[in-house]
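Coordinate analysis (summary)
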Amino acid sequence: MQKKKYNISVEATLEVIGGKWKCVILCHLTHGKKRTSELKRLMPTITQKMLTQQLRELEEDGVINRIVYNQVPPKVEYELSEYGRSLEGILHLLCEWGETHLTRVYGDKFSVLEDSVLNEQLK
C-alpha cells in the first residue's frame, strides 16, 4: 500500500473533519453521547443517508465510537473517542471564529443563528 502525500498537514485534518457536516456532528458529540435520531433532530437539514455516511467515516477515522446495546429494539449511540476529544480545542476555536464572522457580516449573530443547544451558551 502506497502512502498518501500531503502538501501541508492541514490537508490531513480536513480529510478527517472536512465537509459541511462532520464538525457539526462532532460539536454535538462534545455535549455527550447521542443516538442517530437525536443527531438528526439537532440537524434537521441533513439527510439520513448523509448522516449515516458521515458517522461511518468519523468512526473509520477513529474520531467517534459507535456503541451498540444488545437489546430489543436495538439501540446505538455515538460518542467522541479519546482521539476525537483531542479535536475539542479546534472545534471551540471554529465556533468562536464563526461567531465573530456572523457579528461582522450581520451585526446581530442571533438574527441568523437557530435556537440550538450549541447556541445556548452564547446568550
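Residues numbered from 1 in each chain as written. Predicted model: local features only at pLDDT ≥ 70, side-chain atom pairs only at ≥ 80, totals over all residues. Heavy atoms only, no water.

Looking at chain direction, strand 2 (residues 64–69) and strand 3 (residues 75–80) are connected through six bridges and run antiparallel. Within strand 3, the position partnered with V68 by the bridge is V76. In sequence, strand 2 turns back onto strand 3 through a hairpin of five residues. (Pairing = 2+ DSSP bridges. Helix = DSSP H or I, 4+ residues; strand = E, 2+ residues; numbered from the N terminus.)

Before going further, it helps to spend a moment on the nonpolar core. Core analysis: the largest hydrophobic core is formed by 20 residues, its most contacted members being I25, L26, L29, M43, L51, L55 and I64. Listed by contribution, the elements that provide at least two residues to this core are helix 2 (22–29), helix 4 (48–60) and strand 3. Looking at this core element by element, the count peaks at five residues for helix 2. With sequence-adjacent residues up to four places away left out, L29 is seen in contact with K34, L39, I64, Y78, E79, L80 and R85. (Core = buried A, V, L, I, M, F, W, Y, C linked by side-chain atoms within 4.5 Å. Buried < 20%, exposed > 50% of the residue type's maximum accessible area, 1.4 Å probe, protein only. Contact = heavy atoms within 4.5 Å.)

Turning our eyes to something else, we now look at the sheet that holds strand 1 (residues 34–35). As summarised here, the arrangement of the three strands in space is 1-3-2, forming an open sheet in which the pairing is antiparallel. Both outer strands of the open sheet, strand 1 and strand 2, are each paired with one neighbouring strand and no more. In this sheet, strand 3 lies alongside strand 1 in antiparallel orientation, the contact comprising two bridges. The partner of R35 across the bridge, within strand 3, is E77.

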